[in-house]
Amino acid sequence: TIFLPKLPNGDCYATRGLWVSHDETTITSDGACIVSLGLGPVRSRSIDGDPIASSAVFFINRSRLTRPAPIRVTVSNLRIVVPEGQGMFGVAVNGHQITLSHLDIGGAPRDNVTISGRANGNSYAGSISVLDSTLSGATRNAISATAVIGLRIEGNTIQGVRDSPPGQPAAGIDVEPDDRGQPALGVRILRNTIQDNAGPGILLELEPNDGPAVIATGMEISGNTIVRNSGKRTPPKRAGIVLAGGQDGGAGTLILTDNVIRANGGPGILGSRLLLVVQAGGNDLGGNEEGPARGI
């Protein structure tokens, strides 16, 4: 366990990106601030040999190719600031059984939280929780998940994604496999407030360039407040929630219930070549720019 005590006068710790590579690691505080100074050291390489530096304030991944991805890591009770122009992430999650809770991640990160299996030896991240946090100011997405089995996003305030440079997804939450073999299994998005983002509040982009995802099922979007999103015209898809593609063969499932989806640019819910079995009910879809729903 690493405890960072809050500094006097609101001062922040300052660091280059930190590798978090040991199992059973807890990083916590009584509300301290930590600000990014830019990339941390190169300690790994991708499958194609590219060097991997620590591109997040906390970069949770193995730091040697001979070691497994870390498990049971918790980061909590911190304010994380990424200044403009660094292209850094707040937290990068490339391990398993990882919990992020009571974080305030802001400034201008590329993503507040990015979740993937890049160079972790497994090609996915498993059993990830993002809880009770405030995520703001991202230039691409607040949360990006490209390869995940078991993801719980609950009780967060997600706001102010910028779309910089123009043409980013600019979503509050973007679940988007990079290729059809990357899983999106057991993704649960529950009781979040997702507001005032340049692009969609939630984007399930399950149709990569090489075709529908092989595994995209067991998903749930319930009890969220999704308001005033898609505020810019530049993101490629605009709605409160975008459901694009799905599991190859069309048998993947999504529960979509009891959400307040109002005052968003585009329709409340936009379906695009949808390949999911959707169980929907109890959603409030009033007052969206292009009506309650299209393509679903």
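For the structure itself, consult the block above.
Residues numbered from 1 in each chain as written. Predicted model: local features only at pLDDT ≥ 70, side-chain atom pairs only at ≥ 80, totals over all residues. Heavy atoms only, no water.

The next subject is the overall build of the protein chain. From N to C terminus, the protein chain includes zero helices and 32 strands. For 296 residues, the compact-globule estimate of 2.2 N^0.38 gives 19 Å, and the C-alpha radius of gyration of the protein chain, at 18 Å, lies within 12% of that figure. Its C-alpha atoms give the protein chain principal-axis dimensions of about 50 × 45 × 30 Å. A burial count over the protein chain gives 56% of its 296 residues as buried. Taking the intrachain contacts of the protein chain between residues at least 6 apart in sequence as the baseline, contacts between residues at least 24 apart amount to 74%. Just so you have it, the protein chain exposes about 11500 Å², and 50% of that area is on carbon and sulfur atoms. (Helix = DSSP H or I, 4+ residues; strand = E, 2+ residues; numbered from the N terminus. Rg over C-alpha atoms; globule rule 2.2 N^0.38 Å. Buried < 20%, exposed > 50% of the residue type's maximum accessible area, 1.4 Å probe, protein only. Contact = heavy atoms within 4.5 Å. Areas by Shrake-Rupley, 256 points an atom, 1.4 Å probe, with all protein chains shown as cover.)

This paragraph deals with the sheet that holds strand 16 (residues 134-136). Strands sit in the order 2-5-10-13-16-19-22-26-29 across an open sheet of nine strands; the sheet is parallel. Looking at which strands have only one partner, the edges of the open sheet turn out to be strand 2 (12-15) and strand 29 (260-262). Geometrically, the sheet is characterised by an average inter-axis angle of 15 degrees between neighbouring strands, direction not taken into account. With three bridges connecting them, strand 22 (residues 193-195) and strand 26 (residues 225-227) associate as parallel partners. Opposite Ile-194, over in strand 26, you have Ile-226 as the bridge partner. (Pairing = 2+ DSSP bridges. Axes fitted to C-alpha atoms, helices over the stretch in contact; angles between N-to-C directions.)

A few words on the pattern of salt bridges. Side chains that differ in charge, positive against negative, can pair when their charged atoms come close. Applying the stated criterion across every chain, the model contains 14 salt bridges. Where Glu-154 meets Arg-191, a salt bridge forms, and the shortest distance between an N and an O atom there is 2.5 Å. In this pair, Glu-154 sits in strand 18 (residues 148-154) while Arg-191 sits in the loop between strand 21 (184-190) and strand 22, placing the two residues 37 residues apart along the sequence. Salt bridges sharing partners connect three or more residues here, namely Arg-152, Glu-154 and Arg-191. (Salt bridge = Lys/Arg side-chain N within 4 Å of Asp/Glu carboxyl O.)

Before going further, it helps to spend a moment on the nonpolar core. One recurring pattern in soluble globular proteins is that nonpolar side chains are buried together. Residues Phe-58, Leu-100 and Ile-115 are the most contacted members of the largest nonpolar core, which totals 58 residues. With residues near it in sequence (within four places) discarded, Ile-115 still touches Val-93, Ala-125, Ile-128, Ile-143, Ser-144, Ala-145, Thr-146, Ala-147, Val-148 and Leu-151. Grouped together as the second largest cluster of nonpolar side chains are seven residues, Trp-19, Ile-52, Phe-89 and Ala-92 included. (Core = buried A, V, L, I, M, F, W, Y, C linked by side-chain atoms within 4.5 Å.)

Here the focus is the packing of aromatic side chains. Inspection of the entire model under this criterion finds one aromatic pair. Relative to Phe-59, the ring of Trp-19 lies with its centre 4.8 Å away and its plane at 75 degrees, an arrangement referred to as edge-to-face. Linking Trp-19 in strand 3 (residues 18-20) with Phe-59 in strand 8 (residues 56-60), this pair joins segments that are 40 residues apart in sequence. (Phe/Tyr/Trp six-rings, centres within 6.5 Å; stacked < 30°, edge-to-face > 60°.)

A few words on the environment of Phe-59. Looking at Phe-59, the relative accessible area reads 6%, which means it is buried. C-alpha separation for the pair Phe-59 and Gly-90, spaced 31 residues apart in sequence, amounts to 8.6 Å.

Turning our eyes to something else, we now look at the sheet that holds strand 8. The ten strands lie next to each other as 3-8-11-14-17-20-23-27-30-32, forming an open sheet whose pairing is parallel. Edge positions in the sheet fall to strand 3 and strand 32 (293-294), since each of these pairs with one other strand and no more. Both strand 23 (residues 202-206) and strand 27 (residues 241-246) contribute to a ladder of five bridges, which runs parallel. Across the sheet, Ile-202 pairs through a bridge with Ile-241, a residue of strand 27.

Most peptide bonds are trans, and most residues other than glycine sit at a negative phi. Looking along the chain, the bond that leaves Ser-164 and enters Pro-165 is cis, with omega of -5 degrees. The topology assignment puts Pro-165 in the loop between strand 19 (157-159) and strand 20 (173-175).

Of the pairings in the sheet, the one linking strand 10 (residues 79-82) to strand 13 (residues 104-107) comprises four bridges and is parallel in character. Within strand 13, the residue paired with Arg-79 across the bridge is Asp-104. Note: strand 13 against strand 16, two bridges, orientation parallel. Across the sheet, Asp-104 pairs through a bridge with Thr-134, a residue of strand 16.

Next up on the list: the environment of Val-214. Here Val-214 is to be found in the loop between strand 23 and strand 24 (216-217). Classification of Val-214 by relative accessible area gives partly exposed; the value is 46%. When the C-alpha positions of Val-214 and Asp-248 are compared, they lie 5.4 Å apart, and in sequence the two are 34 residues distant.

A separate point is the state of the cysteines. Within this structure, the stated rule accounts for one disulfide. Here Cys-12 engages in a disulfide with Cys-33; their sulfurs sit 1.9 Å apart. Measuring the twist about the S-S bond at about 85 degrees, one finds the Cys-12-Cys-33 disulfide to be right-handed. With Cys-12 in strand 2 and Cys-33 in strand 5 (residues 33-36), the pair connects residues that are 21 residues apart, well separated along the chain. In this structure Cys-12 comes out as partly exposed when scored by relative accessible area, which is 31%. (Disulfide = S-S within 2.5 Å.)

The next subject is a nonpolar patch on the surface. A surface patch of nonpolar side chains, amounting to about 270 Å² of accessible area, comprises Ile-149, Leu-185, Val-214 and Ile-215. Assessed through its relative accessible area of 37%, Ile-215 is described here as partly exposed. (Patch = residues over 30% accessible without salt bridge, like charges linked within 9 Å, V, L, I, M, F, W, Y side chains within 5 Å.)

Don't take any of this as a statement about function, it's just geometry.
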